[in-house]
Amino acid sequence: MKKNIWIYAIALVVVMSMVLAACGGGAATEAPSAEEPAGEEPAAEEPAGEEPSGEEAMEEKEPVVLTFIKIADELEAQAFDEMVAAFQQIEDGKWSHVSIEYDAKPFAELFPAIETSVATGAKVDLIQADGPDVKHFAWNGVIQDLSDYFTEEELQQWFPQSVEDATYEGGFYGPPEVQSCQMLWYRTDYVEAAGIEIDPDVSLTYGPDGTGLPVWQKLTVDEDGDGNPEVFGFQNNGPFWFDYLNRIPARTNGVPGSPTYEGVSEDGLTHTGYFDTDEAIEAYQFDQDLFYEYGVRSIEPPPNAMLAGFSAMFINQDLVVGIQRDQFPDVEIDAAAPPYWQTPMCQTGSWHYGISTTTEHFEETLAFVKYASSDEGAAFIWKYKNQFPANINFLATVEEYQTYPRSLMAEFFVEFGKSRIVSPGYTEYNALFGQFYQALVSGGDVEELTREYAQLMDEAMAKYK
Amino acid sequence: MATTTSNIPRVGRQRWWQKYRNQYILVGFLFVLPALINFAVFRYYPMAWAVNTSLWRYSLLRGFQEFVGIDHYIRAFTADTQFISSMKATLYYVLGKVPLTIILGLALASFANQERRGMGLMRALIFIPVVTSFVVVSIVWGMVLNRDVGLMNATLQGLGLPRMEFLTSPTNVMPTIIGISLWKDVGYSVIILVAGMRGIAQEFYDAAVVDGANAWQRFRYVTVPMLRRHLMFVSVISTLGAFQVFVPVYQLAPQQRNAQVIVYYIYQKGFIFGEMGYASALSVILLLILLFLSIFQIRVLRSEDV
Amino acid sequence: MATSAEQKQSVMGLEIEEKAQRDRSRAQIRKWIGNILTWLMYVAIVVVFAGPLIWVIGNSFRSSQTIWENVFPVNYLTFLPFDEFFFDNYIEALGLTPEAQGLGFNLGRSLMISLGAAVSVVTLSLIFNTGAAYFFARLKVPRKNILLVYVIATMMIPQQVVIVPLFLVVNQLGLINTFWAMVVPWYASPFIVFALIGFFAELPYELDEAAILDGANLFQVLTRVIVPNAIPGLITVSILEFQFIWNEFFWPLVAVSNKSLQPVQVAIANQFTDRDPQWGRVFAAMVLASAPIVILFIFTQRYFYRSVALSGVKG
């Protein structure tokens, strides 16, 4: 028995993996066909069968329910509820039979959730895709190329950056919902207390000789003199790190068109020579020095660092305004153009409407997407979500963007807004970038890290070649 | 085990079958059948799927692409330094957490097993972390351990000690994660062990007292041996859990290379890097490791007749 | 001889008395020290295990602004909301105002869903896992160790990897996006079977034999002998199973997209958007989500111990 149990265990493992893998293989090949007939499909097939029988029967079309996988965001959900109600009224109720069901996932789990839905063949018509992920979904054939359905004129409804975000290999994969661009936000009280004048139109600059450092040093407060400031002068993201905010200093250390500025090769698949240029390393070194050498930046900023009073300045998009309004009504903040090294830049961040390749209601979904991204649709999103609209006409009607500080952001965006690195492997790149930046924050050797991670990023891109 | 089996004469296939040929076995199987069906359908089928997937280039978004045989397994051991380093991180975590879970679990259980005023509340308190959401708990611990504004560092500084970077420093991050997950999970072991201690008849302790055993001896020679099955359970379960640790890393230090444990690496490969086939291969390797480890543990700790 | 024996005896008597006295005072000192140590332990447990949660509970009565204003410097106000105290976070989380309802908050509903799922799973699991554990722990079946390995091996693969095939299976059964998706896959649990084996195996085998001699069949042995004697173990695993289902997150997130079926952990996670959540509300939601199990635990403790005291058959 003593020996037997081992033998049995090994036998069990072998038999399990071999026999079951065999039947698993059978199941896997079955899987695509097995998924489809399950559940609600029969009901969905009926209208498809009726459609060709008579075009006049349009009015009596069976109700169509579109499934929309999106982030869990209650304010946005309200916007879509109103938008759908309005959509059902347009064109004399041509789309009155269309309604939408949300499959809302928390922001952190949205991407895995979309993947799981796709992998399991779940019924999805509409996908809310984060700007840089659009190319990833496009490459994987998850969302459809909509180039044929949007005229040149229609594309001009949105900012070129938004359109570029949704463009992959010449195809247009989905119109934008909202856009974003960073600003330098600051606590009015802290800046006043330090006796600093901020000109909102003039960016501070990075670098040991830049105009930013003295300001941040002045704003750093250590009242009890324990060497551990109560207020840090500057904050850029944290305690987790992302390309969206933390790549900017490095990219702005290049002139337009340079590898440093572009951030990645033309096809988006080569990082060595772009991520690890001398200018980029210089910028990352300065980033690290802000933590350790100058002590103006916290390595572990708590959530809401600036609004909670732990830092005087802070870089983010304009959702800060919403958080301040909702949660920190007594805190006064102001904004200025974001800092840079040589070339002004803000990295854009949009959400897009992507149409699933497996949709059975393409016509309805497309109509809804067109409506949602039009100036009419954008108004609903703005009303609830209060984020920078990607629709040019609509933006012009929003008063908040005609007045400071948001006017500043709109101007800066138009002039200096630049897509994040353009690559089908953005998802992988961003995960590696986060690791890289964490290692930098933890005090690793910057040059070594930069070179190592450029290599790792290249390796992660290999499969796209 | 060895002694009991060796006393029984080796019986041939026919003989044991005859011996148990009554309905006993059949009826007996009825008790276990529903559970076995559940495992087959909801656990073994998915596992078989993963085994199959590990032989394919497969991504969640693109589906099955091409059959690669055992290439993924070869790659894991020959070309993937991150896999090896994530295994090391996992071992670090396991070796830190499992012994502490057992020692601390036993200590807290013997304490909480006493009949004293307020002990019911203490048992509840020890159990509370188990039932709280890790998302929120990680925020709280992040605040407590924060270098600049954290309670822990304020205390350290008050004591004249230097401030520590609990979550940012690459060397401190693993001990910190071990500590927090110990705090979160030890309640499990305590509740199991307390229940086990409740099952030990008072006569054994009385007899030990008559023999002049002191408290430590009673613990060492009565409690621990009588708890053997529960200790086996706790050690097997906490080992399995520790090898598959994911949530604490995902919540507290997702970007720390030193904290990249194997399941986090698997998650990253499968969900972020679009290589679920390779991720499945890594999972199968993990499965095999755990299988052998558990059998070993069960053999070492097993009592006579299970 | 006699005298020396007597002497010896009286000396011994004295010694015994002295010793008894010494022992008594020693016992008293020991008791004293024991009490102090116990109280120190109490304080340590409260600080370590309850400290962070006191912070959460205290701050669930505050607005975000006040929460973060009080984080630093650390003092009693960090933990306790003496400066501001309102129930709005709870009222909003439960969706009791029209505004909060408009925003879709309805933690009450999610709590009911979680409660329903947890109770269903615990009930089913008490039936099926008990049967399975009975088989492994009590029945003399040859080679059952192999089956035990079969049971435990199910716990060895990370959930992330098997989520897709599990989804496919549950979808085949037509359960995706229904309440039963959160119940059916978990009706038997290797974890619970394994734990129950430990509790069952420690009962003396004579109990079964006596019952069988009295003419009981296997089922009756289980229900009349094993189960009544293993109540503490059964309650323990029920609590563990309950909290396992209660805290399940990724599976219901994937398997149930219908908002009115969302269990409580998903409801909490859904408050985290690409903006910052209202922290006070998140804390309130967590308190509401944890309280039921803690109360259940405190409540069942009483039964747990009484049943041990009542059932005299033990060992």
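Residues numbered from 1 in each chain as written. Chains lettered and ligands numbered in written order. Predicted model: local features only at pLDDT ≥ 70, side-chain atom pairs only at ≥ 80, totals over all residues. Heavy atoms only, no water.

Enquirer: Looking at this model, I keep getting lost on the overall build of chain B. Mind explaining?
Expert: Regarding its fold elements, chain B presents 15 helices and two strands. Out of the 306 residues belonging to chain B, those deemed buried represent 60%. For chain B, restricting intrachain contacts to residue pairs at least 6 apart in sequence, the fraction spanning at least 24 positions comes to 66%. Of the roughly 12,800 Å² that chain B leaves accessible, carbon and sulfur atoms contribute 64%. (Helix = DSSP H or I, 4+ residues; strand = E, 2+ residues; numbered from the N terminus. Buried < 20%, exposed > 50% of the residue type's maximum accessible area, 1.4 Å probe, protein only. Contact = heavy atoms within 4.5 Å. Areas by Shrake-Rupley, 256 points an atom, 1.4 Å probe, with all protein chains shown as cover.)

Enquirer: Looking at this structure, I do not really get the interface of chain C and chain B. What am I missing?
Expert: Accessible area lost during the coming together of the parts is what is often quoted as the interface size. Of the residues lining the interface, 96 residues belong to chain C; the matching set on chain B comes to 93 residues. Between chain C and chain B, the buried area comes to about 8,700 Å², and carbon and sulfur atoms account for 79% of it. In this structure, the connection of chain C to chain B is made through 15 residue pairs in polar contact (both at pLDDT 80 or more). In terms of residues, the side of chain C that touches chain B owes the most to one element, helix H1 (residues 2-59) of chain C, which gives 14 residues. Here the residues of the side of chain C that touches chain B are counted per class, giving 76 nonpolar, 16 polar and four charged. (Buried area = accessible area lost by both parts, 1.4 Å probe. Polar contact = N/O pair within 3.5 Å; in protein donor to acceptor, adjacent residues only side chain to side chain. Nonpolar A, V, L, I, M, F, W, Y, C, P; charged D, E, K, R; others polar.)

Enquirer: Please explain the pattern of salt bridges as it appears in this structure.
Expert: Here the idea is simple: oppositely charged side chains can pair when their charged atoms come close. In this structure the tally under the stated criterion is 29 salt bridges over all chains. Where C:Asp83 meets C:Arg62, a salt bridge forms, and the shortest distance between an N and an O atom there is 3.0 Å. Residue C:Asp83 is located in the loop between helix H3 (76-79) and helix H4 (88-93), and its partner C:Arg62 is located in the loop between H1 and helix H2 (64-69); the two are separated by 21 residues in the primary sequence. Taken together, the shared-partner salt bridges in this structure form one network comprising A:Lys70, A:Asp73, A:Glu76 and A:Lys385. (Salt bridge = Lys/Arg side-chain N within 4 Å of Asp/Glu carboxyl O.)

Enquirer: Just to check I follow, could you spell out the state of the cysteines for this structure?
Expert: What is meant by a disulfide is a covalent connection between two cysteines, made through their sulfur atoms. Residue and element names in this part refer to chain A. Evaluated as defined, the whole model comprises one disulfide over all chains. Here Cys181 connects covalently by a disulfide to Cys346, the sulfurs 2.2 Å from one another. As the torsion about the S-S bond is roughly -115°, the Cys181-Cys346 disulfide counts as left-handed. Here Cys346 lies in strand S10 (residues 346-348) and Cys181 lies in the loop between strand S6 (176-178) and strand S7 (183-187), a separation of 165 residues in the sequence. Comparing Cys181 with Cys346 shows no difference in burial state: the two are buried. (Disulfide = S-S within 2.5 Å.)

Enquirer: Just checking my understanding: could you explain the environment of B:Ile295 for this structure?
Expert: Within the element layout of this structure, B:Ile295 appears in helix H15 (residues 276-301). As a C-alpha pair, B:Ile295 and B:Val236 span 59 residues in sequence and 9.2 Å in three-dimensional space.

Enquirer: I would appreciate a short explanation of a positive patch on the surface in the present structure.
Expert: On the surface, C:Lys19, C:Arg22, C:Arg26 and C:Arg30 cluster together into a positively charged patch. Relative to the elements of secondary structure, C:Lys19 occurs in helix H1. (Patch = residues over 30% accessible without salt bridge, like charges linked within 9 Å, V, L, I, M, F, W, Y side chains within 5 Å. Lys, Arg positive; Asp, Glu negative; His and termini not counted. Charge placed at Lys NZ, Arg CZ, Asp CG, Glu CD.)

Enquirer: Help me understand the sheet that holds strand S9 (residues 333-336) of chain A, please; the structure alone is not making it clear to me.
Expert: The strands making up a sheet associate through backbone hydrogen bonding, with each pair oriented either parallel or antiparallel. Residues and elements named next belong to chain A. Spatially, the three strands line up as an open sheet ordered S8-S7-S9, and their pairing is antiparallel. Every interior strand has two partners, whereas the edge strands, strand S8 (313-316) and S9, have only one. Averaged over all neighbouring strand pairs, the angle between strand axes comes to 30°, with direction disregarded. Where S7 meets S8, four bridges bridge the pair, whose relative direction is antiparallel. Bridging across to S8, Tyr186 finds its partner in Met313. (Pairing = 2+ DSSP bridges. Axes fitted to C-alpha atoms, helices over the stretch in contact; angles between N-to-C directions.)

Enquirer: Hey, could you run me through helix H5 (residues 81-112) of chain B in this one?
Expert: Residue pairs spaced three or four apart in an α-helix point in one direction, given the helix's 3.6 residues per turn. Here H5(B) contains 32 residues, and its C-alpha end-to-end distance of 45 Å stays within 8% of the 46 Å for a straight helix at 1.5 Å per residue. A distance of 3.1 Å separates the backbone nitrogen of B:Gln82 from a side-chain oxygen at the start of H5(B), and that oxygen is part of B:Asp80. (Expected span 1.5 Å × (residues − 1).)

Enquirer: I would appreciate a short explanation of the confidence of the model for chain A in the present structure.
Expert: Caution is warranted with low-pLDDT regions, since their predicted coordinates should not be read in detail. With 87% of its residues at a pLDDT of at least 70, chain A reaches an overall mean of 86. Low pLDDT, under 50, characterises residues 17-58 of chain A; the stretch is placed with 32 contacts to residues that sit more than four places away or in other chains. (pLDDT = per-residue confidence, 0-100.)

Enquirer: I tried to follow the confidence of the model for chain B on my own but got confused; where do I start?
Expert: Scored by pLDDT, chain B comes out at a mean of 86, with 91% of its residues at no less than 70. Below a pLDDT of 50 lies the segment residues 1-17 of chain B, which in the model reaches nine contacts outside its immediate sequence neighbourhood of four places, other chains included.

Enquirer: I tried to follow the sheet that holds strand S11 (residues 351-355) of chain A on my own but got confused; where do I start?
Expert: Residues and elements named next belong to chain A. Pairing in this open sheet of five strands is mixed, and the strands run S2-S1-S3-S11-S6 from one edge to the other. Either end of the sheet is taken by a strand with one partner, and the two such strands are strand S2 (98-105) and S6. The average undirected angle you get between the axes of adjacent strands in this sheet is 30°. Direction of pairing for S6 relative to S11: antiparallel, over a ladder of two bridges. Bridging from a neighbouring strand, Val178 pairs with Trp351 of S11. Along the sheet, helix H3 (residues 74-87) contacts strand S1 (64-71), S2, strand S3 (126-130), S6 and S11; its crossing angle with S2, the most-contacted strand, is approximately 170°.

Enquirer: Would you mind going over helix H9 (residues 190-201) of chain C with me for this structure?
Expert: Helix length check: H9(C), at twelve residues, gives a terminal C-alpha distance of 16 Å against a target of 16 Å (1.5 Å per residue), a fit within 8%. The buried count for H9(C) comes to twelve of twelve residues, which makes it a mostly enclosed element.

Enquirer: Got a minute to help me understand the interface of chain A and chain C in this structure?
Expert: Opposite the 41 residues of chain A that make contact, chain C presents 38 residues. Counting each side, the surface lost to burial between chain A and chain C is near 3,600 Å², with a carbon and sulfur contribution of 63%. When the buried area of chain A at its contact with chain C is split by residue, A:Glu74, A:Thr120 and A:Gln327 rank highest and sum to 17% of it. Our count for the chain A to chain C interface comes out at one salt bridge. A salt bridge links C:Lys259 to A:Glu74, with the nearest nitrogen and oxygen atoms 3.3 Å apart. For the side of chain A that touches chain C, the secondary-structure elements that each account for two or more residues are helix H1 (2-35), H3, S2, helix H5 (110-119) and helix H15 (319-327) of chain A. Grouping the constituent residues of the side of chain A that touches chain C by class yields 24 nonpolar, seven polar and ten charged.

Enquirer: What is the right way to read unusual backbone geometry from this model?
Expert: One can expect most non-glycine residues to show negative phi and most peptide bonds to be in trans. Residue and element names in this part refer to chain A. Of note, the amide linkage connecting Tyr404 to Pro405 takes the cis form, showing an omega dihedral of 5°. With respect to the element layout, Pro405 can be found in the loop between helix H18 (392-397) and helix H19 (406-416). The phi dihedral of Glu169 falls on the positive side, at around 45°, and the residue is not glycine. Mapped onto the secondary structure, Glu169 falls in the loop between strand S4 (167-168) and strand S5 (171-172). You can call Glu169 exposed: its relative accessible area is 72%. The phi dihedral of Asn304 falls on the positive side, at around 55°, and the residue is not glycine. By the secondary structure assignment, Asn304 is in the loop between helix H14 (278-291) and S8. You can call Asn304 buried: its relative accessible area is 12%.

Enquirer: Sorry, what's going on with a negative patch on the surface here?
Expert: A cluster of like negative charges, contributed by A:Asp199, A:Asp201, A:Glu411 and A:Glu415, occupies part of the molecular surface. A residue is classified by how much of its surface remains accessible, and A:Glu415, at 58% relative accessible area, is exposed.

Enquirer: Help me out: how do you make sense of the packing of aromatic side chains in this one?
Expert: A ring pair, where both rings are aromatic, is described by two values, the distance of the centres and the angle of the planes. Counted by the stated rule, this structure contains 77 aromatic pairs over all chains. Centre to centre, the rings of B:Phe127 and C:Phe297 are 4.4 Å apart; their planes meet at 20°, and the pair counts as stacked. Of this pair, B:Phe127 sits in helix H6 (residues 119-127) while C:Phe297 is found in helix H15 (residues 279-310), placing the two residues in two different chains. Judged by its relative accessible area of 1%, B:Phe127 is buried. Pairing C:Trp68 with C:Trp279 gives two aromatic rings, centres 5.9 Å apart and planes at 85°, and the pair type is edge-to-face. Of this pair, C:Trp68 sits in helix H2 while C:Trp279 is found in helix H15, placing the two residues 211 residues apart along the sequence. One aromatic cluster is present, built from ring pairs that chain together A:Trp241, A:Phe275, A:Tyr284, A:Phe291, A:Tyr292, A:Tyr426, A:Tyr429, A:Phe433, A:Phe436, A:Tyr437 and A:Tyr453. The ring of A:Phe150 has A:Lys370 sitting right over it, with the charged end atom 4.8 Å from the ring centre. The side chain of B:Arg75 reaches across the aromatic face of B:Tyr278, ending 3.8 Å from its centre. (Phe/Tyr/Trp six-rings, centres within 6.5 Å; stacked < 30°, edge-to-face > 60°. Lys NZ or Arg CZ within 6 Å of the ring centre and 35° of its normal.)

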